[in-house]
Amino acid sequence: MRLLTETEVEAFIAAKPAAAIHFDAEWDTNYRTIVRRKMEEAEQALGEQVNFGEVDCDLAPELANSVPVLNVPSVAYYRKGVLIAALVGTEQDVRGGLERILRGEAIGGEGATIPDRGQ
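Heads up: these notes are all about the structure in this document. Everything numeric here is computed off the predicted structure, so don't read it as measured data. Position numbers for residues count from 1 along each chain, tracking the sequence in the order it is written. Owing to the predicted nature of the model, reporting of local features is limited to residues with pLDDT of at least 70; listing and counting of side-chain atom pairs is limited to 80 or more, with chain, interface and lining totals taken over all residues. With hydrogens and water stripped out, all remaining heavy atoms of the structure feed into the side-chain values.

### Here's the deal with the side chain of Q92
Inclusion rule: Strands here mean DSSP runs of E at least two residues long; helices mean DSSP runs of H or I at least four residues long; both are numbered from the N terminus. It only takes one pair of heavy atoms within 4.5 Å for two residues to be counted as in contact.
Residue placement: Q92 occurs in the loop between β5 (82-88) and α4 (94-102). Q92 has contacts with K38, V75, Y77 and L87, leaving out every residue within four places of it along the chain.

### Comments concerning the sheet that holds strand β4 (residues 74-79)
Operational definition: One requirement defines pairing of two strands: DSSP has to find at least two bridges between them. Structural elements are reduced to axes, namely lines fitted to C-alpha atoms, with helices fitted over the stretch in contact, and the angle between N-to-C directions of any two is expressed from 0 to 180 degrees.
Judged by pairing direction, the sheet is mixed, and its five strands sit side by side in the order β1-β3-β2-β4-β5 without closing on themselves. The open sheet has two free edges, formed respectively by β1 (2-3) and β5, since each of these has just one partner strand. With six bridges joining them, strand β2 (residues 18-24) and β4 adopt antiparallel strand pairing. If you follow A20 over to β4, its bridge partner there is Y77. On the sheet, helix α2 (residues 32-46) packs against β2, β3 (50-56) and β4 and is oriented at approximately 160° with respect to β3. Its contacts with the sheet put α4 on β2, β3, β4 and β5, and the angle it makes with β4 is roughly 20°.

### Looking at the side chain of D28
Our working definition: Partly exposed residues are those whose accessible area sits between 20% and 50% of the maximum for their type, while under 20% is buried and over 50% is exposed, using a 1.4 Å probe and protein chains only. Counted as positive: Lys and Arg. Counted as negative: Asp and Glu. His and the chain ends are not counted at all. By definition, a salt bridge exists where a carboxyl oxygen of Asp or Glu is found within 4 Å of a side-chain nitrogen of Lys or Arg.
Among the secondary structure elements, D28 is positioned in the loop between β2 and α2. The buried charged residue D28 lacks any salt bridge partner; its closest oppositely charged side chain belongs to R32, at an N-O distance of 5.9 Å. Beyond its immediate sequence surroundings of up to four residues, D28 is in contact with V72 and P73.

### Looking at the environment of T5
Our working definition: In protein, a polar contact requires one atom able to donate a hydrogen and another able to accept it; more generally it is a pair of N or O atoms within 3.5 Å, and residues adjacent in sequence count only if both atoms are side-chain atoms.
Along the polypeptide, T5 turns up in the loop between β1 and α1 (9-14). According to the relative accessible area criterion, T5 is partly exposed, its value standing at 40%. For the pair T5 and L63, spaced 58 residues apart in sequence, the C-alpha to C-alpha distance is 8.0 Å. In terms of polar contacts, T5 uses its side chain to reach the side chain of T7, at 3.2 Å.

### Some remarks on α4
Here α4 has its buried residues at V94, G96, G97, L98 and I101. Contact partners of the buried residues in α4: β2, α2, β3, β4 and β5. Remark: G104 follows α4 within two positions and exhibits a positive phi of approximately 85°.

### Points about the pairing of β2
How we decide: With its strands directed away from the observer, a crossover is right-handed exactly when the path from the first strand over the helix to the second travels clockwise.
Taken across its seven residues, β2 has seven buried, putting it largely inside the fold. The two faces of β2 match: A18, A20, H22 and D24 on one face and A19, I21 and F23 on the other face are all buried. Here β2 pairs with β3 via seven bridges, running parallel. For A18, the partnering residue across the bridge sits in β3 and is V50. With α2 bridging β2 and the parallel β3, this β-α-β connection has right-handed handedness.

In short, shape yes, function no, at least from these values alone.
Here is the structure:
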């Protein structure tokens, strides 16, 4: 997982079929390690199909605002370069969410499929 800047995010999320970006801040000492661990575990399992990155919201506020990050920690999930969901908190299943996205399924229990958008 690498720290991303605003100039590289677009290419980063488009480089593989899916991407997950952990939005956090240095001051979030209570929860950032929990989500980082989940991201690292997902990266070990899905790294060939998914790019994993991190954004420090204090260092890149414009980028954090572009994704509707409501609180930290948050993870933004992308499929074929398109934002699918931005989920807040430590209880989320990063790997499971990405597996669903890769299958074209929605995150959040709606059971809907994700539009392909011709990409």
